[in-house]
Amino acid sequence: MQRAMANRLTPYMFMAPAVVIMVIALLYPLGYMVWGSFRDWDPSQTIGEAEFVGLKNYITLWHDPNFRESLGVTLSFAFFVVTFEMIIGVGLALLLDRNIRGMSVLRTLFILPMMIAPVVVGLMWRYMYHPTVGTFNRFFESIGLPSVDWLGANALMSVIIADIWQWTPFIFILSLAALQSLPRSALEAARIDGATGWQQIIHIKLPLMMPVLIVTGLLRLIDAFKVLEVILVMTEGGPGLSTEILALRISRTATEFRELGVAAAMSNYLLILLLFITLMMFAFTRWQEMRTNRLRAAAEEDE
């Protein structure tokens, strides 16, 4: 019995150091942030010296119109960038999933934007959006079209375009990998049965890719809520609050306004929102798997 018990505990003993490091590196800072959100805390104090105010920071934020506007900007930004990046990235993967001369070079070129530092991306697009010497307005003037106020009235659209340019390659890489791992027997069977290219995409490729696409979309959604450098360099959250997403507002609240407790409360609001979205997407994935299993079982019974 002692040997059996030792064999049963051995894997956990090997895992123990990693679990301890994870608790210290992840859970302790998270608990520190949650505890700080219940205090009137500024950088001149330790967290123990700050006055305990309970849910005051959360209630104040909930009634703050600027916080609600930043939350709306964040949701709009995340929705549009993830939607267009998924459409373009998956479309490019479907288009380039074939034997074409020079395909390795094309794939390398497609992933280059993802390798550029976010600050450089922000500076590059800011100069291209410049109202007088920017690339886009100079092109419009050359063909007789009026200039566009890219970083003014159209600032949110402009930062969305920049994010799509930088992160669509991420969707493309994972979608292409999912496509190339599909069972070729299913595709060959569909061709033999006379399925067209579109029918193969809609009824075979996309359904089989769906688990990878859901995880990929979730990763990009989480990252879209945390975008900071590109927007900070391009617009600094302006004009007004039109491009101030929550990550930027949290940073300003902590550094400029020196309200660490309020910034921690905002971070917790963002964390709760991301957890809710993650659980919804995993629930959808589970529902889809159960639906697929039922359809397969029904098909086997018919046979």
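Computed from a predicted model, the values in this text were never measured in an experiment.

**Observations regarding the overall build of the chain**
Counting its secondary structure elements, the chain contains 12 helices and two strands. Ordered by position in the sequence, the α and β elements of the chain form the string α-β-β-α-α-α-α-α-α-α-α-α-α-α. In terms of C-alpha radius of gyration, the chain reaches 25 Å, well past the compact-globule figure of 19 Å for 303 residues. Seen through its C-alpha atoms, the chain measures out along the principal axes to roughly 85 × 70 × 35 Å. Across the 303 residues that make up the chain, the buried fraction comes to 35%. Contacts in the chain between residues at least 24 apart in sequence constitute 68% of all its contacts with a sequence separation of at least 6.

**Comments concerning the environment of threonine 278**
Here threonine 278 lies in helix H12 (residues 260-302). Assessed through its relative accessible area of 17%, threonine 278 is described here as buried. The spatial distance from the C-alpha of threonine 278 to the C-alpha of serine 181 is 25 Å, given a sequence separation of 97 residues. Ignoring sequence-local partners within four residues, the contact set of threonine 278 consists of Leu218 and Ile222.

**Thoughts on unusual backbone geometry**
A cis amide bond links glycine 238 to the next residue, proline 239, at an omega of -5°. With respect to the helices, strands and loops of the structure, proline 239 is situated in the loop between helix H10 (229-234) and helix H11 (246-255). For glutamate 236, which is not glycine, the phi torsion reads 55° and is therefore positive. You can see glutamate 236 is positioned in the loop between H10 and H11. Note on glutamate 236: relative accessible area 47%, which makes it partly exposed.

**Here we look at the side chain of threonine 216**
With respect to the helices and strands, the residue threonine 216 is situated in helix H9 (residues 197-224). The class for threonine 216 is buried, based on a relative accessible area of 2%. Ignoring sequence-local partners within four residues, the contact set of threonine 216 consists of Phe170, Ile171 and Leu174.

**Some remarks on the domain arrangement of the chain**
If you check the domain split of the chain, you get domain 1 (30-63 + 259-303) and domain 2 (69-243). Spacing between the C-alpha centres of domain 1 and domain 2 amounts to 26 Å. Contacts between the two partners involve 10 residues from domain 1 and, on the opposite side, nine residues from domain 2. Taken over both partners, the interface formed by domain 1 and domain 2 buries close to 910 Å², and the fraction arising from carbon and sulfur atoms is 86%. Of all residues in domain 1, Leu273, Leu274 and Met281 give up the largest surface area on contact with domain 2, accounting jointly for 43% of the area buried on that side. On the surface where domain 1 and domain 2 come into contact, there are zero salt bridges. Inspection of the region where domain 1 meets domain 2 yields zero residue pairs in polar contact (both at pLDDT 80 or more). Taken together, the residues of the side of domain 1 that touches domain 2 break down into seven nonpolar, three polar and no charged.

**Some thoughts on the packing of aromatic side chains**
All told, the structure shown has 19 aromatic pairs when counted by the stated rule. Ring geometry for phenylalanine 38 and tyrosine 58: centres 5.7 Å apart, planes at 45°, overall tilted. Linking phenylalanine 38 in the loop between helix H1 (2-36) and strand E1 (39-40) with tyrosine 58 in helix H2 (residues 56-62), this pair joins segments that are 20 residues apart in sequence. Classification of phenylalanine 38 by relative accessible area gives partly exposed; the value is 21%. Tyrosine 58 gets classed as buried once you look at its relative accessible area, which sits at 12%. Judged by centre distance (5.5 Å) and plane angle (70°), the ring pair of tyrosine 58 and tyrosine 269 falls under edge-to-face. Pair noted here: tyrosine 58 is in helix H2 and tyrosine 269 is in helix H12, with a separation of 211 residues, a long-range link. Cluster of aromatic residues (ring-pair linked, three or more members): Trp35, Phe38, Phe52, Tyr58, Trp62, Phe67 and Tyr269.

**As for the nonpolar core**
Judged by nonpolar contacts, the single largest core of 54 residues is most densely connected at Phe77, Trp125, Phe225, Ile231, Met234 and Ile245. Contributing elements (two or more residues each) for this core: H2, helix H3 (65-96), helix H5 (118-128), helix H7 (155-180), H9, H10, H11 and H12. Among the elements that make up this core, the one with the highest residue count is H3 (12 residues). When residues of this core are assigned to domains, at least three map to each of domain 1 (30-63 + 259-303) and domain 2 (69-243). With near-sequence residues (within four places) excluded, phenylalanine 77 lies in contact with Leu156, Val159, Ile160, Asp163, Ala224, Val227, Ile231 and Ile245.

**So, the packing of helix H4 (residues 103-115) against H7**
Helix-helix packing: each pair is described by the crossing angle between the helix axes and the interaxial distance. Orientation of H4 relative to H7, taken along the N-to-C sense of each, is 135°, at an axis distance of 6 Å. Relative to H7, the element H4 lies oblique. Considering only the axes of H4 and H7, their crossing is left-handed. Residues Arg107, Phe110, Ile111, Pro113 and Met114 of H4 form the contact with H7, whose participating residues are Trp165, Gln166, Trp167, Pro169, Phe170, Phe172, Ile173, Leu176 and Gln180. Each residue belonging to the contact of H4 with H7 can be placed in one class, and the counts come to 11 nonpolar, two polar and one charged.

Calculation notes
Residues numbered from 1 in each chain as written. Predicted model: local features only at pLDDT ≥ 70, side-chain atom pairs only at ≥ 80, totals over all residues. Heavy atoms only, no water. Helix = DSSP H or I, 4+ residues; strand = E, 2+ residues; numbered from the N terminus. Rg over C-alpha atoms; globule rule 2.2 N^0.38 Å. Buried < 20%, exposed > 50% of the residue type's maximum accessible area, 1.4 Å probe, protein only. Contact = heavy atoms within 4.5 Å. Domains from an automatic or database assignment. Buried area = accessible area lost by both parts, 1.4 Å probe. Salt bridge = Lys/Arg side-chain N within 4 Å of Asp/Glu carboxyl O. Polar contact = N/O pair within 3.5 Å; in protein donor to acceptor, adjacent residues only side chain to side chain. Nonpolar A, V, L, I, M, F, W, Y, C, P; charged D, E, K, R; others polar. Phe/Tyr/Trp six-rings, centres within 6.5 Å; stacked < 30°, edge-to-face > 60°. Core = buried A, V, L, I, M, F, W, Y, C linked by side-chain atoms within 4.5 Å. Axes fitted to C-alpha atoms, helices over the stretch in contact; angles between N-to-C directions. Parallel < 35°, antiparallel > 145°, perpendicular 65-115°, else oblique. Left-handed = near helix turned anticlockwise from the far one by under 90°.

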